[in-house]
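Structure assessment
One-letter residues, chain by chain:
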Amino acid sequence: RIAFSFPISDEALFYAHYDILTQRPTSNFLTLPTSYYYWPTENNPTINNPNLKPEKTIDYELGFQQKISNSSSINVAAFYREVRDKIQSYRYTGAYPKTYYSYNNIDFGTIKGLTLTYDLRRTNNARVRASYTLQFAEGTGSDSETAAAFIRSGQPNLRTLNPLNIDQRHRLTLNLDYRFGEGKKYNGPVSTRQKKGSDEVKSIKWLENTGFNLTLFGGSGTPYTRSSVIYPALVSNSRIIQGSLNGSRLPWQFRMDLRVDRDFRLKWSKSEDSRVSNLNVYLQVLNLLDSRNILGVYSATGNADDDGYLSAAEWQTQIEQQLNEETYRLLYSIALDSPYNYSSPRLIRFGFSLSF
């Protein structure tokens, strides 16, 4: 990693960095020697490749940061990322003893975009950080099986640029943290109480060392491949691509997370030099509004809970020939409504952490 910054003045600076990251293959690399003995008897065998090279990511970023006030700044950063030697399905034509399928480091991808960030340091108990990212992610394959069906249909090992599965064009994030201090720094609600039979007045600082954190996420939908025909998606993948690979988009996604916590100072003994620990008690609510974000859909309908198979006229004869048509329809519809097609529902956590 090489990084540098160039201050223009006391209130602005340019910065840049250049990174090279490598990672050993994480899949499709383990092969047993016994696999080679079964080639002549297998039909269109697929084996892993123990000679895969590490995947490489080269990252460039250029940014500009400008002070707006004594407590806030704005940051603009442009980034460009190259992913090289990605693993993809590959056909070894004319190999001995027969043509076979394996994996090779032939895929690549590019991710480029712009991030705009506003940062407000803690002012009057509040800290705010907001960002917007515009991103374009293209490549020849999103995973190692992207080209599997293509090459098995008799086509050569061609590579074309298409949107990657991670191509989220727009992403917005807003983080608001509001926190009350302690002692003289406390400026929250206070109530007083006088002890019975005494002139002593005790102040109660109700929100001392208490904080509220609200995080909002929003983003455009990621791409998926549309099908021009309806097919039973649970038992086959006989789709016919409509348009282009990853040419359609999922709906936008929104999520809000909330965390409320309070710190308590704990002394292990009454002596002045006693060790002090910090007990943090928190309540965290993930997906506060219980938003039902769609993460996956069936390519023929674009719906998360229906692939169109049960109601399609061309499949009614096959459905009626099942052992029990009513049971078949019921079980198929249950399996269609997969929870993996949606984001996590509202999740409430209550806990504590002790630092000493």
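Refer to the preceding data block for the structure.
Conventions we followed
Within every chain, residues take consecutive numbers counted from 1 along the sequence as written. For a predicted model such as this one, the threshold for reporting local features is a pLDDT of at least 70, and the threshold for listing and counting side-chain atom pairs is 80 or more; totals across whole chains, interfaces and linings nevertheless cover every residue. With hydrogens and water stripped out, all remaining heavy atoms of the structure feed into the side-chain values. A pair of aromatic rings is counted whenever rings of Phe, Tyr or Trp (Trp by its six-membered ring) have centres within 6.5 Å, and the orientation is called stacked for planes under 30 degrees apart, edge-to-face for over 60 and tilted otherwise. Working definition: with a 1.4 Å probe on protein chains only, accessible area under 20% of the residue-type maximum means buried, over 50% means exposed, and in between means partly exposed. Two thresholds decide whether a charge sits over a ring: the Lys NZ or Arg CZ must be within 6 Å of the ring centre and within 35 degrees of the ring normal. Only DSSP runs of H or I covering at least 4 residues are called helices, and only runs of E covering at least 2 are called strands; the numbering of each starts at the N terminus. Each helix should span, by expectation, one fewer than its residue count multiplied by 1.5 Å. Each polar contact in these results corresponds to two N or O atoms within 3.5 Å; when the atoms are within protein, one needs to be able to donate a hydrogen and the other to accept it, and residues that are neighboring in sequence are counted only if both atoms are side-chain atoms. We count a salt bridge whenever a side-chain nitrogen from Lys or Arg sits within 4 Å of a carboxyl oxygen from Asp or Glu. Here, any two strands with at least 2 DSSP bridges between them count as paired. The definition of a nonpolar core used throughout is a set of buried Ala, Val, Leu, Ile, Met, Phe, Trp, Tyr and Cys residues joined through side-chain atoms within 4.5 Å. In this description, contact between two residues means that some pair of their heavy atoms is separated by no more than 4.5 Å.

1. Section: the packing of aromatic side chains
Scanning the entire structure with this criterion turns up 11 aromatic pairs. Pairing Y92 with Y100 gives two aromatic rings, centres 5.1 Å apart and planes at 15 degrees, and the pair type is stacked. Overall, Y92 belongs to the partly exposed group, its relative accessible area being 23%. Centre to centre, the rings of Y178 and F180 are 5.3 Å apart; their planes meet at 80 degrees, and the pair counts as edge-to-face. Using a relative accessible area of 32% as the deciding quantity, one classes Y178 as partly exposed. Members of the aromatic cluster, joined through ring pairs, are Y309, W315, Y328 and Y332. Sitting above the plane of the Y101 ring, R152 keeps its charged end 4.1 Å from the centroid. Over the ring of Y282 we find R259, and its NZ or CZ is 4.3 Å from the ring centre.

2. So, helix α3 (residues 325-336)
The end-to-end C-alpha separation of α3 is 16 Å, in line with the 16 Å expected for 12 residues at 1.5 Å each. Where α3 begins, the side chain of N324 points an oxygen toward the backbone nitrogen of E326, at a separation of 3.2 Å.

3. Thoughts on the pattern of salt bridges
Pairs may arise between side chains of opposite charge once their charged atoms sit close together. Under the definition given, this model contains 15 salt bridges. The residue R179 makes a salt bridge to D261 at a minimum N-O spacing of 3.0 Å. Of this pair, R179 sits in strand β8 (residues 170-179) while D261 sits in strand β14 (residues 253-267), and the two are 82 residues apart along the sequence. Among the salt bridges present, the one from R259 reaches D261, with a minimum N-O distance of 3.8 Å. Look at R259 and you get partly exposed, because its relative accessible area is 26%. By relative accessible area, D261 is classed as buried at 6%. Here the salt bridges do not stand alone but share partners, grouping R122, D177, R179, R259 and D261 into one network.

4. Side note on the pairing of strand β15 (residues 276-286)
Bridge count between β14 and β15: 10 bridges; the pairing is antiparallel. Bridging from a neighbouring strand, K267 pairs with V276 of β15.

5. Overview of the nonpolar core
In terms of nonpolar packing, the biggest core is built from 6 residues, these being Y298, Y309, L310, I319, Y332 and L336. Non-local contacts of L336, meaning those with residues more than four positions away in its chain, are made with L234, Y298, A304, D305, D306, D307 and N341.

6. Things to note about unusual backbone geometry
Phi angles above zero are rare outside glycine, and N124 is one such case at about 50 degrees. As for its placement among the helices and strands, N124 is situated in the loop between β5 (100-123) and β6 (126-139). You will see that N246, though not glycine, has its phi angle at about 55 degrees, which is positive. Counting through the fold element by element, N246 comes out in the loop between β12 (223-224) and β13 (248-249). The buried category is assigned to N246, whose relative accessible area is 9%.

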